[in-house]
Amino acid sequence: MSEATKPQPQAKGEKTPISDTSYVGIDAILEQMRRKAMKQGFEFNVMVVGQSGLGKSTLMNTLFKSKVSRKSVQPNVEERIPKTVEIKSVSHDVEEKGVRMKLTVIDTPGFGDQINNENCWQPIMKFINDQYESYLQEEININRKKRIPDSRVHCCIYFIPPTGHCLRPLDVEFMRHLSKVVNIVPVIAKADTLTLEERDSFKKTIREELRANGIDVYPQKEFDEDAEDRMINDKIREMTPFAVVGSDQEYQVNGKRILGRKTKWGTIEVENIAHCEFAYLRDLLIRTHMQNIKDITCSIHYETYRVRRLNESNILFTSNPPDHPTVQPKANGQPEEQPATPQPNGVAAQHEALSHEM
């Protein structure tokens, strides 16, 4: 065989038809993208919101089958109910089958635990907008980083108490405001306290209240890309909110080790869809829609914030008289006095919490 006709070595993982003379090799881009993504790793930031005692930490540990919650990392810290809503986050490097992910779990102790919970959603709103602002300031730097650290909140799991009646005013107010800035996934916490009939009735009531108040939780209908997406997401929307049970304890049931909650009358299997809807929540957040959740955060929520901030800055700069000097922020964050000229891409460093409401 001549040197010109000698077969070329094939990269690992690439499949080339042997006798197809029309093959170009465009599909190899998928393998290239996979290798690059494996090298870079992934980031996923999830926030948990709900009053204390609803099993937020336990559910996060169950989702990722690791001690990822804040309470698990700081088990000896004396837990007290804060007088105001606090924001605490903890990050982990999680690896599975060679895939690396930086997981950040953001907790909100103090939410809903006060006698007067008016406007207790505002610190959470401010935190989410602060992460957008931090990303925006990195983006507009002249010498920006090759890969900007992503601290934006991709998903907010909102825990609804298992009352079996209806949403509280606090639940409605929180989701009404926050659904405009972050992907909200509502769950009914500790669903094993409800009978199946109570659970189904409660879920139906919640869906009706969400529609009545114009609250669009994830997956949002307006962001369905095609008919196939719509069909898949419609099934998810029919199950919302997910009635979940969390447990990081293992028990032996019929010769198998399972995650569950043991009671006098039996064991509640967390991953058994006949017992609760934890498996559907896990599949949504991790196995089927994680990338879509991140895409909507970037292309919808963050983009809405970015456009508003740039518009505000343009109004600020153009409203200053041209014959008076003004202070402009430099790329390094230090003020520099210069003539006031319109700056289409200028963004002031100071900002208020925005709700994105149009």
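Where an unreviewed UniProt entry is consulted, the chain appears under the name Septin, with the organism given as Pundamilia nyererei. Listed under Sequence similarities (unreviewed entry) in UniProt, the entry text for the chain is "Belongs to the TRAFAC class TrmE-Era-EngA-EngB-Septin-like GTPase superfamily. Septin GTPase family." The UniProt entry for the chain carries the following comment under Subcellular location (unreviewed entry): "Cytoplasm, Cytoskeleton".

Enquirer: Before we move on, could you go through the side chain of H154 and cite the residues and values that matter?
Expert: Relative to the elements of secondary structure, H154 occurs in the loop between α4 (122–139) and β4 (155–160). Here H154 falls in the buried class, since its relative accessible area comes to 1%. A polar atom in the side chain of H154 sits 3.1 Å from the side chain of D150. With residues near it in sequence (within four places) discarded, H154 still touches E43, F44, N45, V182, N183, I293, K294 and T297.

Enquirer: Which residues make up the confidence of the model for the chain, and what values go with them?
Expert: For residues with low pLDDT, the predicted coordinates do not support detailed interpretation. Predicted confidence across the chain gives a mean pLDDT of 85, with 81% of residues reaching 70 or more. Under a pLDDT of 50 for its full length, residues 339–346 has, in the predicted model, 19 contacts with residues more than four places off or in other chains. Under a pLDDT of 50 for its full length, residues 349–354 has, in the predicted model, 17 contacts with residues more than four places off or in other chains.

Enquirer: Before we move on, can you summarise the packing of α4 against helix α5 (residues 169–178) with the specific residues and values?
Expert: Axis separation between α4 and α5 bottoms out at 10 Å; the angle between their running directions is 20 degrees. Our classification of the angle between α4 and α5 gives roughly parallel. Between α4 and α5 the crossing geometry is right-handed. Counted together, I124, M125 and I128 of α4 and F174, H177 and L178 of α5 form the full contact between these two elements. When grouped by side-chain class, the residues that make up the contact of α4 with α5 number five nonpolar, one polar and no charged.

Enquirer: Can you tell me about the pairing of strand β3 (residues 99–107), naming the residues and giving the values?
Expert: Note: strand β1 (residues 42–49) against β3, seven bridges, orientation parallel. Each residue of the ladder has a partner; that of N45, found in β3, is T104. Looking at chain direction, strand β2 (residues 88–96) and β3 are connected through nine bridges and run antiparallel. Along β3, the bridge assignment pairs V90 with V105. Between β2 and β3, which pair antiparallel one after the other, the connecting turn spans two residues, and K97 there sits at a positive phi close to 50 degrees.

Enquirer: Describe the sheet that holds strand β7 (residues 250–253), naming the residues involved and giving the relevant values.
Expert: An order of β7-β8-β9 is seen for the three strands of this open sheet, with the pairing classed as antiparallel. Since the sheet does not close on itself, it has two edges, and those belong to β7 and β9 (266–269), each with one partner. This sheet shows a mean twist of 70 degrees between the axes of neighbouring strands, independent of strand direction.

Enquirer: A description of a negative patch on the surface should follow, citing residues and the corresponding values.
Expert: Among the surface-exposed residues, E225, D226, E228 and D295 lie close enough to one another that they form a single negatively charged patch. Structurally, the position occupied by E228 is in helix α7 (residues 227–239).

Reading the values: rules and limits
- Residues numbered from 1 in each chain as written.
- Predicted model: local features only at pLDDT ≥ 70, side-chain atom pairs only at ≥ 80, totals over all residues.
- Heavy atoms only, no water.
- UniProt positions renumbered as here; feature names shortened; annotations may be inferred.
- Helix = DSSP H or I, 4+ residues; strand = E, 2+ residues; numbered from the N terminus.
- Buried < 20%, exposed > 50% of the residue type's maximum accessible area, 1.4 Å probe, protein only.
- Polar contact = N/O pair within 3.5 Å; in protein donor to acceptor, adjacent residues only side chain to side chain.
- Contact = heavy atoms within 4.5 Å.
- pLDDT = per-residue confidence, 0-100.
- Axes fitted to C-alpha atoms, helices over the stretch in contact; angles between N-to-C directions.
- Parallel < 35°, antiparallel > 145°, perpendicular 65-115°, else oblique.
- Left-handed = near helix turned anticlockwise from the far one by under 90°.
- Nonpolar A, V, L, I, M, F, W, Y, C, P; charged D, E, K, R; others polar.
- Pairing = 2+ DSSP bridges.
- Patch = residues over 30% accessible without salt bridge, like charges linked within 9 Å, V, L, I, M, F, W, Y side chains within 5 Å.
- Areas by Shrake-Rupley, 256 points an atom, 1.4 Å probe, with all protein chains shown as cover.
- Salt bridge = Lys/Arg side-chain N within 4 Å of Asp/Glu carboxyl O.
- Lys, Arg positive; Asp, Glu negative; His and termini not counted.
- Charge placed at Lys NZ, Arg CZ, Asp CG, Glu CD.

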